[in-house]
Amino acid sequence: MTTPQHPDVTEAIARERRLHDPAVRLSRPLAEALFDPDFIEVGASGRRWTYEEMLAALPELHGGEDGPPITAGRFAGTVLAPGIVHLTYETVIDGRHARRSSVWRRDPADTLRLYYHQGTPVPEGTAHP
């Protein structure tokens with residue numbers, strides 16, 4: 001028997017997938033609605049990104065208008081505390097695999113926003129567990 005997914009996890013996955021949509025990546029207002037103002041990312045490259053840096057760079061990063069698309073799957077999530085969701089998932093971008101971790105938190109308007117994200121490259125030839 002499968003346990004139903006918590007509604008906050010379902011919402012966080014949907015919002016994470018929206019961040020992979022080129023239309024969202026190209027629109028600062030649409031992206032702003034998904035990122036927490038305190039957002040931090042540690043990218044697969046090891047670079048640390050802030051809210052403003054990410055919003056400025058997002059249209060030019062992978063998944064944008066002319067870049068390679070983002071294929072995401074194997075989503076799993078858990079509610080860490082009321083209004084705090086931790087997601088893990090995997091992406092393939094231009095043949096490169098990464099494992100990803102995101103923390104979403106509810107803002108005062110009761111909207112889940114991406115608070116923290118980290119990507120870790122998966123070495124070539126590494127099987128998915």
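Undergrad: Looking at this structure, I do not really get the overall build of the protein. What am I missing?
TA: Within the protein, the regular secondary structure consists of four helices and six strands. Ordered by position in the sequence, the α and β elements of the protein form the string α-α-α-β-β-α-β-β-β-β. What you see for the protein is a C-alpha radius of gyration of 14 Å, in line with the 14 Å of a compact globule of 129 residues. Its C-alpha atoms give the protein principal-axis dimensions of about 40 × 35 × 25 Å. Out of the 129 residues in the protein, the part that is buried amounts to 38%. Within the protein, contacts between residues separated by at least 24 positions form 45% of all contacts whose residues are at least 6 apart in sequence. Carbon and sulfur atoms form 55% of the exposed surface of the protein, whose accessible area is close to 7,400 Å².

Undergrad: When you look at the pattern of salt bridges in this model, what are you seeing that I'm missing?
TA: Side-chain pairs of opposite charge can arise whenever the charged atoms involved come near each other. Scanning the entire structure with this criterion turns up 11 salt bridges. The partner of Arg-106 in a salt bridge is Asp-8, and the shortest N-O contact between them spans 2.8 Å. With Arg-106 in strand S5 (residues 96–106) and Asp-8 in helix H1 (residues 7–19), this residue pair connects regions lying 98 residues apart in the sequence. Salt bridges sharing common partners tie together Asp-8, Glu-11, Arg-106 and Asp-110.

Undergrad: Looking at this model, I keep getting lost on the environment of Pro-37. Mind explaining?
TA: Residue placement: Pro-37 occurs in strand S1 (residues 35–42). Measuring from C-alpha to C-alpha, the distance between Pro-37 and Tyr-115 comes to 7.8 Å, with 78 residues separating the pair along the chain. Among all residues touching Pro-37, those that are not within four sequence positions of it are Tyr-51 and Arg-113.

Undergrad: How do you make sense of the packing of aromatic side chains when you look at a structure like this?
TA: Aromatic ring pairs are described here by two measures, namely the spacing of the ring centres and the angle between the planes. Tallied over the entire structure, the rule returns two aromatic pairs. Between Phe-35 and Phe-39 the ring centres are 4.7 Å apart and the planes differ by 75°, which places this aromatic pair in the edge-to-face class. The pair Phe-35 / Phe-39 is uniform in exposure class, with both members buried. Judged by centre distance (4.5 Å) and plane angle (15°), the ring pair of Phe-75 and Tyr-89 falls under stacked. Within this pair, whereas Phe-75 is found in strand S3 (residues 70–81), its partner Tyr-89 is found in strand S4 (residues 84–93), the two being separated by 14 residues in sequence. In this structure Phe-75 comes out as buried when scored by relative accessible area, which is 17%. Look at Tyr-89 and you get buried, because its relative accessible area is 3%. Of note, Arg-47 hangs over the ring of Trp-49, and the distance from its end group to the ring centre comes to 3.7 Å.

Undergrad: Please explain the pairing of S1 as it appears in this structure.
TA: Across a regular strand the side chains alternate sides, sitting on one face of the sheet and then on the other. Here four bridges tie S1 to strand S6 (residues 112–121), and the two strands are oriented parallel to one another. Bridge pairing in S6 links Phe-35 to Leu-114. With three bridges joining them, S1 and strand S2 (residues 48–50) adopt antiparallel strand pairing. By the bridge assignment, Val-42 is partnered in S2 with Arg-48. Counting the residues between successive antiparallel strands, the hairpin from S1 to S2 contains five residues, one of them, Gly-46, with a positive phi of roughly 95°.

Conventions we followed
- Residues numbered from 1 in each chain as written.
- Predicted model: local features only at pLDDT ≥ 70, side-chain atom pairs only at ≥ 80, totals over all residues.
- Heavy atoms only, no water.
- Helix = DSSP H or I, 4+ residues; strand = E, 2+ residues; numbered from the N terminus.
- Rg over C-alpha atoms; globule rule 2.2 N^0.38 Å.
- Buried < 20%, exposed > 50% of the residue type's maximum accessible area, 1.4 Å probe, protein only.
- Contact = heavy atoms within 4.5 Å.
- Areas by Shrake-Rupley, 256 points an atom, 1.4 Å probe, with all protein chains shown as cover.
- Salt bridge = Lys/Arg side-chain N within 4 Å of Asp/Glu carboxyl O.
- Phe/Tyr/Trp six-rings, centres within 6.5 Å; stacked < 30°, edge-to-face > 60°.
- Lys NZ or Arg CZ within 6 Å of the ring centre and 35° of its normal.
- Pairing = 2+ DSSP bridges.

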